[in-house]
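# Observations on chain architecture
In case you want the letters, here they are:
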Amino acid sequence: MMKSMDPSESSMNMMIADPEGYGAYKKPKTSCGTKFYFFCLMFLQLAAIAIVAVLLWQVLGIGDHVRKPGVTTPSPPSPTLKPSSTSPPAANDVCITPDCLRTAARLVENMNATADPCDNFFEYACGGWLAKNAIPPHLGRFSTFNELEDELNNNMRDIIEDTTLEEGEEVVKKARTLYRSCMDEGLLDELKAQPLNDLIQELNGWPVIDDSWTDDGWDLLDTLSRLMRYSQSLLM
């Protein structure tokens, strides 16, 4: 038979086996060799940090920016200015044809050199033209584009009215015939509104001027096709 052990006796036996207490932490004992090993390891780490610091000092040039007492640091050389690549054009590169000279003269005339471009650049660039050109009574606005359009129309009129010029192409003949028919005031006074009435009748009539007009024979598609014979812009 197994003999049961008294709990008090078991605790007593454990205390005797472990006089410092059950589960007590025992501090490990360090020898001289272990201390020397840790000392060497720490020394190597400090040496590595010092080497890295010296390398950074040399690579980044930190020592060049530190001014030592009594030592004057020479100033860096001043940068040399290179000649600009946008040099003035040579004389043979400047356009001196009559058209270029007229264009340059027009630009200068349209400017107002007395105005400060930093305060009012529009007045500086266009003040001369504004002072010499007023808005015509029959126009709501007037600009250089209108001026060029008038100049172009005048040149075309001079060419069409010049009888000394050759007839040239068929389109020139038609343009002169149309212009002369429009400028024949005697014939226009004689015909009066008859050409316009004929055109309206060809376009299937107009009830505004014809009381007998009815929509019985009027067709939209046919009227639009007749208008396109004269100009497609009338439908846009």
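Above this note sits the structure.
Throughout what follows, the structure given in this document is the object of discussion. (Residues numbered from 1 in each chain as written. Predicted model: local features only at pLDDT ≥ 70, side-chain atom pairs only at ≥ 80, totals over all residues. Heavy atoms only, no water.)

### As for the overall build of the protein chain
What the protein chain contains, in helices and strands, is nine helices and zero strands. Restricting to contacts in the protein chain with at least 6 residues of sequence separation, those with at least 24 account for 10%. Total accessible area on the protein chain is roughly 21700 Å²; 63% of this is exposed by carbon and sulfur atoms. (Helix = DSSP H or I, 4+ residues; strand = E, 2+ residues; numbered from the N terminus. Contact = heavy atoms within 4.5 Å. Areas by Shrake-Rupley, 256 points an atom, 1.4 Å probe, with all protein chains shown as cover.)

### Things to note about the packing of aromatic side chains
As enumerated under the stated definition, the model contains two aromatic pairs in all. Taken together, a centroid distance of 6.1 Å and an interplanar angle of 40° make the contact between Phe-121 and Tyr-124 tilted. Here Phe-121 and its partner Tyr-124 are both found in helix H4 (residues 121-132), three residues apart, which amounts to about one turn of the helix. Residue Phe-121 is classed as exposed on the basis of its relative accessible area of 55%. Note on Tyr-124: relative accessible area 24%, which makes it partly exposed. Ring centres of Trp-129 and Phe-142 lie 6.0 Å apart, and the angle between their planes is 15°; this geometry places the pair in the stacked category. Placement of Trp-129 in helix H4 and of Phe-142 in the loop between H4 and helix H5 (144-161) is noted, with a sequence separation of 13 residues between them. Judged by its relative accessible area of 18%, Phe-142 is buried. (Phe/Tyr/Trp six-rings, centres within 6.5 Å; stacked < 30°, edge-to-face > 60°. Buried < 20%, exposed > 50% of the residue type's maximum accessible area, 1.4 Å probe, protein only.)

### Topic: the state of the cysteines
Summed over the entire model, instances satisfying the criterion amount to one disulfide. Disulfide pairing places Cys-95 opposite Cys-100 at an S-S distance of 2.0 Å. Measuring the twist about the S-S bond at about 80°, one finds the Cys-95-Cys-100 disulfide to be right-handed. Overall, Cys-95 belongs to the partly exposed group, its relative accessible area being 39%. (Disulfide = S-S within 2.5 Å.)

### Remarks on the environment of Tyr-179
Among the structural elements, Tyr-179 can be located in helix H6 (residues 170-183). Once the C-alpha coordinates of Tyr-179 and Glu-161 are considered, the two residues, 18 residues apart in sequence, prove to be 8.7 Å apart.

### Things to note about the packing of H5 against H6
Contact geometry of H5 with H6 gives a least axis separation of 10 Å together with a crossing angle of 95°. Classified by the angle their axes make, H5 and H6 are roughly perpendicular. Residues Arg-157, Ile-159, Ile-160 and Glu-161 of H5 lie in contact with H6, whose contacting residues are Ala-175, Arg-176, Tyr-179 and Arg-180. By residue class, the composition of the contact of H5 with H6 is four nonpolar, no polar and four charged. (Axes fitted to C-alpha atoms, helices over the stretch in contact; angles between N-to-C directions. Parallel < 35°, antiparallel > 145°, perpendicular 65-115°, else oblique. Nonpolar A, V, L, I, M, F, W, Y, C, P; charged D, E, K, R; others polar.)

### Here we look at the pattern of salt bridges
This structure, assessed with the given rule, holds four salt bridges. Note that Asp-99 and Arg-102 form a salt bridge whose closest N and O atoms lie 2.3 Å from each other. With Asp-99 and Arg-102 both in helix H3 (residues 98-110), this residue pair falls three residues apart, about one helical turn. Note on Arg-102: relative accessible area 53%, which makes it exposed. Ionic pairing is found between Glu-151 and Arg-106, a salt bridge with its closest N-O pair at 3.9 Å. In this pair, Glu-151 is assigned in helix H5 and Arg-106 in helix H3, connecting sequence segments 45 residues apart. (Salt bridge = Lys/Arg side-chain N within 4 Å of Asp/Glu carboxyl O.)

### Thoughts on the side chain of Thr-223
Note on placement: Thr-223 falls in helix H9 (residues 220-228). At a separation of 3.3 Å, a polar atom in the side chain of Thr-223 contacts the side chain of Trp-218. Polar side-chain contacts of Thr-223 include one of 2.8 Å to the backbone oxygen of Asp-219. Beyond its immediate stretch of four places on either side in the chain, Thr-223 contacts Leu-203, Asn-204 and Trp-218. (Polar contact = N/O pair within 3.5 Å; in protein donor to acceptor, adjacent residues only side chain to side chain.)

### Remarks on the side chain of Asn-110
Considering the arrangement of structural elements, one finds Asn-110 in helix H3. Looking at Asn-110, the relative accessible area reads 16%, which means it is buried.

### Examining a nonpolar patch on the surface
A cluster of nonpolar side chains, namely Tyr-37, Phe-38 and Leu-41, defines an oily patch on the protein surface of about 340 Å² accessible area. Structurally, Leu-41 can be placed in helix H2 (residues 32-60). The exposure class of Leu-41 is partly exposed, given its relative accessible area of 37%. (Patch = residues over 30% accessible without salt bridge, like charges linked within 9 Å, V, L, I, M, F, W, Y side chains within 5 Å.)

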